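An overview of the molecular structure
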Amino acid sequence: MNLSRRQVLTLSASAVAVAATGLGPSVVFADAAATEKSIAAFTGGKSPATGKITLNAPEIAENGNTVPISVSVDSEMTKDSYVQSVMVLAEGNPNPGVITFNFSPMSGEATATTRMRLAKTQNVVAIAKMNDGSVFMDKKLVKVTIGGCGG
Amino acid sequence: MFSRREFLTASVALGAIAGVGMEGLWSRAAAQQALSENDLLDAPDFGNVTLLHLTDIHAQLKPLYFREPSINIGVGEVEGLPPHVTGADFLKMFNLKPGSPEAYALTSVDFTALAKAYGKMGGLDRIATIAKRVRAERGDKVLFLDGGDTWQGSYTANASKGADMVEAMNALGLDAMTGHWEFTYGTDRVEEIVDTLDFPLLAGNIFDAEWNEPAFEAYQIFERGGVKVAVIGQAFPYTPIANPRWMIPNWSFGIREDEVRKNVAAARDDGAELVVLLSHNGFDVDRKLASRVDGIDVLLSGHTHDALPEPIRVGNTMIIASGSNGKFISRLDLDVADGSVKGFRYRLIPVFSDVITPDPEISALIDRLRGPHEAELQRELGRTETLLYRRGNFNGTFDDLICQALIAERDAEISLSPGFRWGTSLISGQSITVDDLHNACAMTYPEAYRSTMSGQLIKDILEDVADNLFNPDPYYQQGGDMVRVGGMGYTINPKKPIGSRISDMTVLRTGESIDPKRNYVVAGWASVNEGTEGPPIWDVVEAHLKNNPTVNIEENRSVKLVM
């Protein structure tokens, strides 16, 4: 059986790996520094504490092109104490910025879900900024894998 | 070869095992008796609930040989812990006598000799005898649960799209199941079966991919012996990654620890006094889950095919590992009062097919299900002079046969074969029938592809699969074994991180190092990608056996392990 290059790419168990790791030298991935810079800009230079915010993401992505995540922040969501915004970053994407959710006391609760593309195995980071200026962070490693050999 | 009588008197019986405070010695109660059905099954009346657990039978209706792994490495926190203990170490840890029936059932030590002495294991008609006896003794106290990987793995299961197994399991009278390979029949077929099944397929971790709503019932509450027992189903979390996602595009899986937590709480709110997680997570994932989610009394573990003679306790949870292929069935008698477990008796019952009388009704059903295919099933393709097996972290001899066939019949330089944990064993001198071959490769995506891959890509694949197996965090493990290779060798260090576990990749024929930049012709099978083309793998192996009907394969020495 002779296959065209295109067929080979879709055929082999490695197609996902090609997409995931082989984007080639022209694509420049974000590095830790770029992520740090985005976090600093969001927090006004404060280092985020752990706690309060929970990031939910799959351990291994079923499809790197559309990875479902959700964030929730433990907050009263009253005029005196509420979550202003939650920023989500993907450390290993060409551009780490994914989305920023904004809330108000009227939101009732600070939860949100979205889907994101992940170019490769990387940390997803979520940072919550409270109305008093305090910031909290959660982080999760999401693997983007070739698949096909389990069982 | 032992006579049946010698077998019966040869050894240690499996007496009353375990119970609170008895973890550590499996067979000490049983020193010198003869092995009879009664020895295997007799149990004092205890408690008010009995759980029977069967898992990963992979459509095996008939007795079989199945060699347990000689290599099953644990990394990180689980290094050296069961189930990552094999061979002589396993015998020592559980105080089993070498050469005993337990040693044969639970390890790979002297496998061929002991297989010839003690015979085949399993058979759904023998399992039916056990279940019926337990039901007769325990009446309304019994809950019979199937951990999944039931509908796939044989010629007849494939031919009937799982219908033979569904009929057999309905006849056995199960109370609930969960799944994994079941989903490789595709969404429509699964839904069709679930609608007609006599019992629920429970899975709290499968969601509609578009709306993120539960796709299956998460749990059900059964009343047994006056106790409300919640059974929560947990399907294999990585089904759409390890198996073709395109066959089940609308279902999303995952460990979803929070959902388990939520379902445990909901079941307790519903009045459950005993919470059972019927899981297809794999053992290490289950052990981690049990350490992080409170409120699971009994975790019935499946997927990684481990057979452990004692429960492993994590906090207040006991984890039961019941093996695979119908070699074992677990019986757990529980004394439940005031919403908690006050005591238990556990027995991993080895299904010695020559000792346990087949149930005539299920025997007849199996004959009827296999009948239309019997001539084809018995058709001989060759004969093996050496042990053929698959289970273990690296290449087994049955895989080597498949890899050789791929290279020869598909004209390839290198072959790849998935590290599945199912696939039965053949001992030296056995003929290889269509039945046997399909036990090693029956599936719904069997196409044997032929393509070119760069040396770098081959390394990336090996690294990726190795990380699925040896990631120190169990939640990132998928539970298969290492992908098998033909035509090449490599060295692996499981303790290294991804990207640096694999080294010294060599083309065996020339002895040359594999060049990351060169393209190699690679043949393989069971690709998860849609549209894969090629003949089914069983045709490839059959053609190879036609040209090479006598199989003689020594242990693979081209995969080197360093730690």
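Residues numbered from 1 in each chain as written. Chains lettered and ligands numbered in written order. Predicted model: local features only at pLDDT ≥ 70, side-chain atom pairs only at ≥ 80, totals over all residues. Heavy atoms only, no water.

1. Re empty space enclosed by the protein
Residues and elements named next belong to chain B. The line we're drawing: Site definitions follow a grid-based scheme: protein atoms alone, a 1 Å grid, a 1.4 Å probe that fits but cannot get out for cavities, and for pockets an open set with protein on both sides within 12 Å along at least five of seven lines, plus lining residues having an atom within 4 Å of a point. Grid points are joined across faces, edges and corners, and a volume is the space filled by probe spheres set on the points. A helix here means a DSSP run of H or I that spans at least four residues, while a strand means a run of E at least two residues long, and both kinds are numbered starting from the N terminus. Domain start and stop positions are those given by an automatic or database domain assignment.
This structure, assessed with the given rule, holds five cavities of 30 Å³ or more. Counted as a void, the largest cavity has a volume near 170 Å³. The greatest single-element share of the lining of the largest cavity, amounting to three residues, is contributed by helix α12 (residues 283–292). Mapped onto the domain boundaries, the lining of the largest cavity takes at least three residues apiece from domain 1 (11–368) and domain 2 (378–561).

2. Regarding the pairing of strand β2 (residues 142–146) of chain B
Residue and element names in this part refer to chain B. Defined as follows: With a 1.4 Å probe rolled over the protein chains alone, any residue whose accessible area is under 20% of its type maximum counts as buried; one over 50% counts as exposed, and the rest are partly exposed. Pairing between two strands is assigned when DSSP locates at least 2 bridges connecting them.
Buried residues dominate β2, accounting for five of its five residues. Neither face of β2 is exposed, since V142, F144 and D146 on one face and L143 and L145 on the opposite face are all buried. In the sheet, β2 pairs with strand β3 (residues 176–177) via two bridges, with the strands oriented parallel. Its bridge partner lying in β3, L145 is registered against A176.

3. Quick notes on the nonpolar core
Residues and elements named next belong to chain B. Inclusion rule: Among buried residues, the Ala, Val, Leu, Ile, Met, Phe, Trp, Tyr and Cys ones that are joined through side-chain atoms within 4.5 Å form a nonpolar core. The contact rule is simple, with two residues in contact once any of their heavy atoms fall within 4.5 Å.
Formed by 123 residues in total, the largest nonpolar core has its most connected members in L124, F183 and L334. Counting residues per element, this core draws most heavily on helix α6 (residues 124–138), which supplies six residues. Formed jointly, this core draws a minimum of three residues from each of two domains, domain 1 (11–368) and domain 2 (378–561). With near-sequence residues (within four places) excluded, F183 lies in contact with V190, L201, I206, F216, A235, T239, I248, W251 and F253. Core analysis: the next-biggest nonpolar cluster, separate from the first, contains 34 residues, F420, V434, C441 and W525 among them.

4. Quick look at the layout of surface pockets
How we decide: Following the grouping adopted for this structure description, the nonpolar residues are Ala, Val, Leu, Ile, Met, Phe, Trp, Tyr, Cys and Pro, the charged ones are Asp, Glu, Lys and Arg, and the polar ones are all others, Gly among them.
Taken as a whole, the largest pocket holds about 1,200 Å³ of empty space. Sorting the residues of the lining of the largest pocket by element identifies β2 (53–56), β3 (67–73), β6 (110–116) and β8 (135–142) of chain A together with β4 (207–208), β7 (251–252), α11 (257–269) and α12 of chain B as the ones contributing at least two each. The dominant element in the lining of the largest pocket, judged by the number of residues it contributes, is α11(B), at five residues. By residue class, the composition of the lining of the largest pocket is 15 nonpolar, ten polar and 17 charged. Two domains share the lining of the largest pocket, each providing at least three of its residues, namely domain 1 (11–368) and domain 2 (378–561) of chain B.

5. A closer look at the sheet that holds strand β1 (residues 49–50) of chain A
Residue and element names in this part refer to chain A. For the record, the criterion: Simply put, an axis is a line fit to the C-alpha atoms, just over the touching stretch for a helix, and the angle between two N-to-C directions goes from 0 to 180 degrees.
The strand order β1-β8-β7-β4-β5 describes an open sheet built from five strands, whose pairing is mixed. For this open sheet the edge positions go to β1 and β5 (97–102), each flanked by a neighbour on one side alone. Taken together, the five bridges between strand β4 (residues 83–90) and β5 define a ladder with antiparallel strand orientation. What sits directly across from S85, in β5, is N102. Across the sheet, helix α3 (residues 32–43) is in contact with β4, β5, β7 (122–130) and β8; its angle to β4 comes to roughly 175 degrees.

6. Digging into the pattern of salt bridges
Residue and element names in this part refer to chain B. Cut-off, in case you're wondering: In the sections that follow, a salt bridge refers to a side-chain nitrogen of Lys or Arg positioned within 4 Å of a carboxyl oxygen of Asp or Glu.
Following the criterion strictly, the structure yields 36 salt bridges over all chains and no others. The salt bridge involving E542 is made with R379; its shortest N-O contact spans 2.9 Å. Placement of E542 in helix α18 (residues 537–547) and of R379 in the loop between α14 (374–378) and β14 (380–384) is noted, with a sequence separation of 163 residues between them. We classify E542 as partly exposed; its relative accessible area is 25%. Through salt bridges with shared partners, one network takes in D42, D45, R133, E137, R138, R331 and D333.

7. So, the side chain of B:D359
All names here are of chain B. To keep things clear, this is the line we draw: Any pair of N or O atoms that falls within 3.5 Å is considered a polar contact. Within protein, one atom must be able to donate a hydrogen and the other to accept it, and sequence-neighbouring residues count only if both atoms are side-chain atoms.
By the element assignment, D359 lies in the loop between β13 (340–350) and α13 (360–370). The class of D359 is buried, set by a relative accessible area of 9%. Here the side chain of D359 touches K132 through a polar contact of 3.0 Å, side chain to side chain. In this structure, D359 is in contact with D125, A128, T129 and K132, ignoring residues within four places of it in sequence.

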